[in-house]
Amino acid sequence: MDFTFTEEQQAAAEAAQGVFAGVAPDGVPSPALTRGAAVADDFDRALWARLADADLLSLLLDPEYGGAGLDAVALCLVLRESAKVLARVPLLESCAAAAAVQAYGGPAAGGAAAPKAALLTAVGRGEIVLTVASHGRTGHDPAELAVTARQDGDCWILDGVQTAVPWAHGADYTVVPAHVPAQLAPRAGADRADTGHAEAGRTILALVPRDHAGVVRAEQVSTTGERLAEVRLESARIGAADVIDADGAWEWLRGLLTTGTCALALGLGENVLRMTAEYTGRREQFGFPVATFQAVAVQAADRYIDLRAMEATLWQAAWRIASGTQGALPTAGDIAVAKIWASEGVRRIVQTAQHLHGGFGADVEYPLHRYHAWAKHLELSLGPAAAHEEALGDLLAAHPLG
């Protein structure tokens, strides 16, 4: 493995640093001040436009769609920078969904009004925003089982509920994974006597427009204070051109989303530890900076070790996705390890930061409480550590390392 970033990847990170330099974390709306209501009705559209102008929304898209043709590592570098300033934009969801459409969608993906090329070009320019329903019915069950799909002529009919869908009120399309039951699983044109593929059913991805018959959105609010949505599909009819029916599409998209979440956790954790170092270096007790006290230094050192473990496991997972390199375990194993470290690590980092800041850390005029709220959201997004430990155990049982 060589974790040295390419010039193109480094350039993407530097471009992101330039865009996010103008974002002040203490200006991010605080969930502590809104009493359970959303902090804003929409994401930061002005920042979104700046990201589009810097070509950071098209990183993963091929040049034919106006993109840079970069990989998951480059996206994670940009996400890392976005989390340092708590950027209120659907950068991960829109880029990951567009990459899935590019990799697995047919020429007509996006519908007759916006075929694949037109859809991806518009996404890269920031004109169309995508998000993904990835948390299932309750947030604890597989997202692909929360919605069922059945084919009816040239349409797919979707029924079910997806909870905690990020940015769904502002996104133009929500990518919804849906399960085709076993008895319906054979693809059109397949020999129905051949049930080899049908025994376990399969998962499709549907691009569901924001305002569409049979789609109802209910208001939900994250710990970050951002608007989420419970998306209820009641016999929603989606044209076949807006459905991706390819093996592995959802697993790949879910892996990229999970790895991107780890990048967000890393960037957030890095900035929180930096804030803590600066504060404890200035704060004095008994005539000495508290950073010089052994108890403080040891706790900070432990959190630094967490960050380095989060970083190493993140780049391992991103590298596996980008390169397709085979290993002792499937790529899902490295992604699970990265999410375990990200979930546990970011939680410990913000807890230690609050402790070392004392009462000042809870001051709503200081941004640390915002980072704490965002860290809790990232810890649980796409499954807490325990869920990924269980998944890793299943992989180890299926792929003995001995």
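Residues numbered from 1 in each chain as written. Predicted model: local features only at pLDDT ≥ 70, side-chain atom pairs only at ≥ 80, totals over all residues. Heavy atoms only, no water.

**Remarks on the confidence of the model for the chain**
The cut-off we apply is this: How sure the predictor is of each residue is captured by pLDDT, a score from 0 to 100. Residue contacts are defined here by distance: any two heavy atoms, one from each residue, within 4.5 Å place the two residues in contact.
With 93% of its residues at a pLDDT of 70 or more, the chain has an overall mean of 91. Long-range and interchain partners of residues 191–199, a stretch whose pLDDT sits below 50, account for 8 contacts in this model, where long-range means more than four residues apart.

**Some remarks on the nonpolar core**
Short version of the rule: By convention a nonpolar core is built from buried Ala, Val, Leu, Ile, Met, Phe, Trp, Tyr and Cys residues, the set being connected through side-chain atoms within 4.5 Å. Whether a residue is buried, partly exposed or exposed follows from its accessible area with a 1.4 Å probe, protein chains only, as a fraction of its type maximum: under 20%, in between, or over 50%, in that order. Each helix corresponds to a stretch of at least 4 residues labelled H or I by DSSP, and each strand to a stretch of at least 2 residues labelled E; elements are numbered beginning at the N terminus.
Counting residues in hydrophobic clusters, the biggest one holds 91 residues, and the most contacted among them are F20, L51, L253 and L268. In terms of residue count, the dominant contributor to this core is helix α6 (residues 249–282) (14 residues). Leaving out residues up to four positions away in the same chain, L51 has contacts with V19, F20, L56, L57 and V89. Among the nonpolar cores identified, the runner-up in size contains 20 residues, and V147, A149, V180 and V243 belong to it.

**Here's the deal with the packing of helix α7 (residues 294–323) against helix α8 (residues 331–357)**
How we decide: All axes here are fitted lines through C-alpha atoms, helices being fitted over the stretch that makes contact, and every angle between N-to-C directions spans 0 to 180 degrees. Each angle receives one of four descriptions, namely roughly parallel if under 35 degrees, roughly antiparallel if over 145, roughly perpendicular if within 65 to 115, and oblique otherwise. Two helices crossing with the near one rotated counterclockwise from the far one by less than a right angle form a left-handed crossing, whereas a clockwise rotation gives a right-handed crossing. Note that Gly is not counted as nonpolar here; it falls among the polar residues with everything else outside the nonpolar set of Ala, Val, Leu, Ile, Met, Phe, Trp, Tyr, Cys and Pro and the charged set of Asp, Glu, Lys and Arg.
Two elements in contact, α7 and α8, have axes separated by 8 Å at closest approach and are oriented at 155°. Taken together, the axes of α7 and α8 are roughly antiparallel relative to one another. Here the hand of the crossing between α7 and α8 comes out left-handed. Within the contact of α7 with α8, the residues separate by chemical class into 15 nonpolar, 7 polar and 5 charged.

**Section: the pairing of strand β3 (residues 155–166)**
Rules: Pairing between strands is defined by DSSP: at least two bridges between them are needed.
Across the 12 residues of β3, 10 count as buried, placing the element largely inside the fold. Here strand β2 (residues 147–152) pairs with β3 via 6 bridges, running antiparallel. Considered in β3, the bridge of R150 is made with I157. What sits between the antiparallel neighbours β2 and β3 is a turn of 2 residues, in which G153 has the positive phi angle 65°. Sheet topology note: the β3/strand β7 (residues 227–239) ladder contains 9 bridges and is antiparallel. From the neighbouring strand, I157 faces β7, where its bridge partner is R237.

**Focus: the pairing of strand β5 (residues 202–209)**
Across the 8 residues that make up β5, a large majority, 7, are buried. Pairing geometry for strand β4 (residues 173–180) and β5, over 8 bridges, is antiparallel. Looking across to β5, one finds that V180 is bridged to R202. As paired strands, β5 and strand β8 (residues 243–244) are joined by 2 bridges and run antiparallel to one another.

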